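Each chain, written out:
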Amino acid sequence: MPPHESSAFPHNLPDPKLLRAVEVDEMLTKIQRSHGFYYKVMNIEVWALVETLDGLFPGAWGQFMTNRQVAVKQFLERDRTPNWAVTPKDAEKDAETIGSEEE
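Nothing here was measured: the structure is a model prediction, and the numbers come from that model. (Residues numbered from 1 in each chain as written. Predicted model: local features only at pLDDT ≥ 70, side-chain atom pairs only at ≥ 80, totals over all residues. Heavy atoms only, no water.)

**With respect to the overall build of the protein chain**
Applied cut-off: Only DSSP runs of H or I reaching four residues or more are called helices, and only runs of E reaching two or more are called strands; each is numbered from the N terminus. For the exposure calls, accessible area comes from a 1.4 Å probe over protein chains only, and a residue counts as buried if that area is under 20% of its type's maximum, exposed if over 50%, partly exposed in between. Using a 1.4 Å probe, the Shrake-Rupley method yields the accessible areas, and only the shown protein chains count as cover for residues.
For the protein chain, the count of helices and strands is three helices and zero strands. For the protein chain, the α and β elements follow one another from N to C terminus as α-α-α. In the protein chain, which comprises 103 residues, the proportion classed as buried is 5%. Working note: accessible area of the protein chain is about 9400 Å², and carbon and sulfur atoms make up 60% of it.

**What to know about the packing of aromatic side chains**
What counts here: For Phe, Tyr and Trp, where Trp contributes only its six-membered ring, two rings pair if their centres lie within 6.5 Å, and the inter-plane angle classes them as stacked under 30 degrees, edge-to-face over 60, or tilted in between.
By the definition in use, this model includes two aromatic pairs. The interplanar angle of 70 degrees and the centroid separation of 5.4 Å between the aromatic rings of Y38 and Y39 together place this pair among those described as edge-to-face.

**Section: the confidence of the model for the protein chain**
Heads up, the condition is: Confidence scores here are pLDDT values: one per residue, from the predictor, ranging 0 to 100.
For the protein chain, the average pLDDT comes to 76, and 60% of its residues sit at 70 or higher. Mean pLDDT values for the elements of the protein chain range from 58 in helix α3 (residues 88–91) up to 92 in helix α2 (residues 60–80).

**Points about a nonpolar patch on the surface**
Using the following cut-off: Exposure above 30% relative accessible area and the absence of a salt bridge qualify a residue for a patch, where like charges join within 9 Å and nonpolar side chains (Val, Leu, Ile, Met, Phe, Trp, Tyr) within 5 Å. Within this document, salt bridges are pairs made up of a side-chain nitrogen of Lys or Arg and a carboxyl oxygen of Asp or Glu, the two lying within 4 Å of each other.
A surface patch of nonpolar side chains, amounting to about 340 Å² of accessible area, comprises Y38, Y39 and M42. Mapped onto the secondary structure, M42 falls in helix α1 (residues 21–56). Given the relative accessible area of 32%, M42 is considered partly exposed.

See the structure below:
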């Protein structure tokens, strides 16, 4: 598959040193608008996937987000603790149960 070519600016770009400030601003605006449209399309695609997933498996997206929140908390905890490692005791547990019990 050939690489995606953006239509935000022409293929034969002139030397940036020769461009006027107005032309540079116009090009930057086109690029920003193109990226904005890209992110909006991505949001619509994610929304469609979530709706489909919840239609087939009610509550699946909520469970995914709960698991993701737990994983992010664990990641941040690992990042703050320099010598953090998974112990053999923790390796057998689900992500939701690691670190949840009192010792």
